[in-house]
Amino acid sequence: IMIHSSQKTADEILKFSRAFRQQWPDMPLVVVPSSYNGIYESELAEAGVSLVIYANHLLRAAYPAMQETARRILTHQRSKECDDLCMPISDVITLIPAP
């Protein structure tokens, strides 16, 4: 089961997780701590959470990097000034599965 909360603290999630775990000790419990991101995974695990998903953090981090890259390209009219923001091509190639 996956649970969400729009609260800024994890209190609601922790309370629910502890009660849920008592009733269903073996059922997976998944949380997505977007709004209550100050809690540690270890605290969630202690309350009975099985899996933590950081659903949008990578996307939210990538977008500002793309904006900065675009800004530099527009400013300098080339991409050389973006090298420090970019993964080396040799690393990108390793992400492509071999046939």
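Everything here concerns the structure above.
In this text the structure is predicted, and so the values were computed from the model without any measurement.

## With respect to the pattern of salt bridges
- Here the structure, examined in full by the defined rule, presents 5 salt bridges.
- Note that Arg71 and Glu68 form a salt bridge whose closest N and O atoms lie 2.6 Å from each other. Here Glu68 and Arg71 lie together in helix 3 (residues 57–76), a separation of 3 residues that amounts to about one turn.
- When its relative accessible area of 44% is taken as the criterion, Arg71 is described as partly exposed.
- Judged by its relative accessible area of 24%, Glu68 is partly exposed.
- The salt bridge involving Asp84 is made with Arg72; its shortest N-O contact spans 2.5 Å. Taken together, the residues span a long stretch of sequence, with Asp84 in the loop between helix 3 and helix 4 (89–94) and Arg72 in helix 3 at a distance of 12 residues.
- Via salt bridges that share partners, Glu68, Arg71, Arg72 and Asp84 belong to a single interconnected network.

## Observations regarding the environment of Met87
- In this structure, Met87 sits in the loop between helix 3 and helix 4.
- The class for Met87 is partly exposed, based on a relative accessible area of 45%.

## Some points on the sheet that holds strand 3 (residues 51–52)
- What the 3 strands build is an open sheet, ordered 1-2-3; its pairing is parallel. Every interior strand has two partners, whereas the edge strands, strand 1 (2–3) and strand 3, have only one.
- Relative to strand 2 (residues 30–31), strand 1 runs parallel, the two being bridged by 2 bridges. Residue pairing in the sheet places Met2 in a bridge with Val30 of strand 2.

## Some remarks on the packing of aromatic side chains
- Across all of its chains, the model carries 2 aromatic pairs by this definition.
- A ring pair is formed by Phe20 and Trp24, whose centres lie 5.2 Å apart and whose planes are at 40 degrees; its orientation type is tilted.
- For Trp24, a relative accessible area of 42% puts it in the partly exposed group.
- In textbook terms, an aromatic cluster arises when at least three aromatic residues are bridged by ring pairs, as seen for Phe16, Phe20 and Trp24.

## Quick word on the environment of Ser79
- Following the sequence through the fold, Ser79 ends up in the loop between helix 3 and helix 4.
- Between the C-alpha atoms of Ser79 and Thr69, which are 10 residues apart in sequence, the distance is 8.1 Å.

The rules we used
Residues numbered from 1 in each chain as written. Predicted model: local features only at pLDDT ≥ 70, side-chain atom pairs only at ≥ 80, totals over all residues. Heavy atoms only, no water. Salt bridge = Lys/Arg side-chain N within 4 Å of Asp/Glu carboxyl O. Helix = DSSP H or I, 4+ residues; strand = E, 2+ residues; numbered from the N terminus. Buried < 20%, exposed > 50% of the residue type's maximum accessible area, 1.4 Å probe, protein only. Pairing = 2+ DSSP bridges. Phe/Tyr/Trp six-rings, centres within 6.5 Å; stacked < 30°, edge-to-face > 60°.

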